[in-house]
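Structural description and commentary
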Amino acid sequence: TEKLKVVGGIRAESTSLFVESRDTSLAASSLDLLDFLYSGNIIYALTEKSNLRLAASQTLARPNLRELAPFEQFDTKNGFFNIGNPNLKRTLINNYDIRYEMYPDLGEVIAVSAFYKQFNNPILRTFSPTATIPELGYLNIDKANLYGLELEVRKNLSFLGAKLRNFFFITNIALIKSGYKIPTTELKASQAVDPAYNQTDRPFQGQAPFIVNAILSYTDPDLGWDSSLAFNVSGRRLYNISLSAVPDVYESPFPLLTYSLAKKIGDNVQV
């Protein structure tokens, strides 16, 4: 139909990872897989300037060589031993999105999205405090879930006055809820150290509960000037999980403010 557009497909990804140690007593690690990943988008034109989008896809995340290694490595930067896990599995991720988008004028967009992700066999980084030298390890858990809302705006500021026609305001704000159930084996091990330990779930590792980006940009194509002031901040994130009833390690938020200025000189040079 004129208002409905469907885009779909499937892709094949082959994974072949092999890691071995010079110590021949250690068995090598390997990962040999062929995955077929789907992708589908439905775009319905509500009006000439607005769409409703539905999307579903499957993606994957592989363990890297360090995570899969059948041996330990010393991290000279942080002073930890990294203990690889040769039994790690790759992660399959199912992604679902619904998005309403509106295009008020040329180069402008206002969009609201809701999204959900399901992680199967996600990989987590663990911290073991009982070792003589702190150890970082890696393990799979069965499932983790993530869902959220997102607002995206790109708007020319000419509606505030003709002198602001070269200014754009751009923002992207996401609120995210993520988590997984702590495995029973880990829970029992922590309660053996501290009988009062009662934490049963955690946020997903590395995922901030909110993300804010805001940019004020100026562009003058006639004189060749480009300038932008950008602000970014993310919420408190789980850095790695701690075993044996020790508190988990989090990364605190740190705001970033960046200014850039560019001038085009001639047809091929920009400073």
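This text follows the structure it describes.
The following refers to the structure shown. (Residues numbered from 1 in each chain as written. Predicted model: local features only at pLDDT ≥ 70, side-chain atom pairs only at ≥ 80, totals over all residues. Heavy atoms only, no water.)

**A closer look at a nonpolar patch on the surface**
Side chains of L4, V6, I42, Y44, L46, L52, L54, I98, Y100 and M102 sit close together on the surface and give an oily, nonpolar patch of about 810 Å² of accessible area. Looking at the nonpolar patch, the elements with two or more residues in it are β1 (4–19), β2 (29–47), β3 (50–61) and β6 (91–102). Turning to its location among the elements, V6 is positioned in strand β1. (Patch = residues over 30% accessible without salt bridge, like charges linked within 9 Å, V, L, I, M, F, W, Y side chains within 5 Å. Areas by Shrake-Rupley, 256 points an atom, 1.4 Å probe, with all protein chains shown as cover. Salt bridge = Lys/Arg side-chain N within 4 Å of Asp/Glu carboxyl O. Helix = DSSP H or I, 4+ residues; strand = E, 2+ residues; numbered from the N terminus.)

**Details of the packing of aromatic side chains**
This structure, assessed with the given rule, holds 5 aromatic pairs. On the basis of an interplanar angle of 65 degrees and a centroid distance of 5.1 Å, the ring pair of F74 and F81 is categorised as edge-to-face. By relative accessible area, which is 43% here, F74 ends up partly exposed. Of note, R236 hangs over the ring of Y250, and the distance from its end group to the ring centre comes to 3.7 Å. In this structure, K263 packs its charged tip against the face of W225, placed 5.6 Å from the ring centre. (Phe/Tyr/Trp six-rings, centres within 6.5 Å; stacked < 30°, edge-to-face > 60°. Buried < 20%, exposed > 50% of the residue type's maximum accessible area, 1.4 Å probe, protein only. Lys NZ or Arg CZ within 6 Å of the ring centre and 35° of its normal.)

**A look at the nonpolar core**
Residues F119, L124 and Y180 are the most contacted members of the largest nonpolar core, which totals 13 residues. Where this core is concerned, the elements lending two or more residues are β7 (109–120), β10 (143–156), β11 (167–181) and β15 (237–242). Top element by residues in this core is β11. It accounts for 3 residues. Other than its neighbours up to four places away in sequence, F119 contacts T91, L92, I93, D142, K143, A144, L146 and F204. One finds V19, L31, A69 and Y138 within the second-largest nonpolar core, a separate group that totals 7 residues. (Core = buried A, V, L, I, M, F, W, Y, C linked by side-chain atoms within 4.5 Å. Contact = heavy atoms within 4.5 Å.)

**Comments concerning the environment of V19**
The residue V19 is located in strand β1 in this model. According to the relative accessible area criterion, V19 is buried, its value standing at 9%. Put simply, V19 and R66 are 47 residues apart on the chain and 8.8 Å apart in space, counted from C-alpha to C-alpha. Sequence-distant contacts of V19, that is, excluding residues within four places in its chain, are made with A28, S29, L65, L68, A69, P70 and F71.

**Structural notes on the pattern of salt bridges**
Where charged atoms from two side chains of opposite charge come close, those side chains can pair. Applying the stated rule across the entire model yields 10 salt bridges. Residue R62 pairs with E13 through a salt bridge whose shortest N-O separation is 2.6 Å. Of this pair, R62 sits in the loop between β3 and α1 (65–68) while E13 sits in strand β1, and the two are 49 residues apart along the sequence. By relative accessible area, R62 is classed as partly exposed at 36%.

**Overview of the pairing of β10**
Pairing of β7 with β10, which is carried by 12 bridges, proceeds in the antiparallel orientation. Its bridge partner being in β10, Q118 is matched across the sheet by N145. Bridge analysis of β10 against β11 gives 12 bridges, and the strand direction is antiparallel. Its bridge partner being in β11, Y147 is matched across the sheet by K177. (Pairing = 2+ DSSP bridges.)

**Digging into helix α2 (residues 184–193)**
Listed in full, the buried residues belonging to α2 are E186, L187 and S190. Along the axis of α2, the buried residues cluster in a sector spanning 100 degrees; they form a single face. Turned more than 90 degrees away from the buried face of α2 sit T184, T185, K188 and A192, all of them exposed. Those residues of α2 that are buried are in contact with β12 (201–202) and β15. (Arc of directions from axis to C-beta.)

**Remarks on the layout of surface pockets**
A water-sized probe, rolled over the atoms, reveals where empty space remains. Here the largest pocket defines a volume of roughly 260 Å³. If you go around the largest pocket, you meet 17 residues; those closest to its centre are I123, L124, F204, Q205 and G206. Elements with a contribution of two residues or more to the lining of the largest pocket: β6, β8 (123–128) and β15. In the lining of the largest pocket, the residues fall into 9 nonpolar, 3 polar and 5 charged. (1 Å grid on protein atoms, 1.4 Å probe; cavity = no way out; pocket = protein on both sides within 12 Å on 5 of 7 lines; lining within 4 Å. Points joined across faces, edges and corners; volume = space filled by probe spheres on them. Nonpolar A, V, L, I, M, F, W, Y, C, P; charged D, E, K, R; others polar.)

**Considerations on unusual backbone geometry**
The backbone of S244 sits at a positive phi, close to 60 degrees, despite the residue not being glycine. You can see S244 is positioned in the loop between β15 and β16 (249–251). For S244, a relative accessible area of 24% corresponds to the partly exposed category. The phi torsion at A245 lies on the positive side, around 65 degrees, for a residue other than glycine. Relative to the helices and strands, A245 is located in the loop between β15 and β16.

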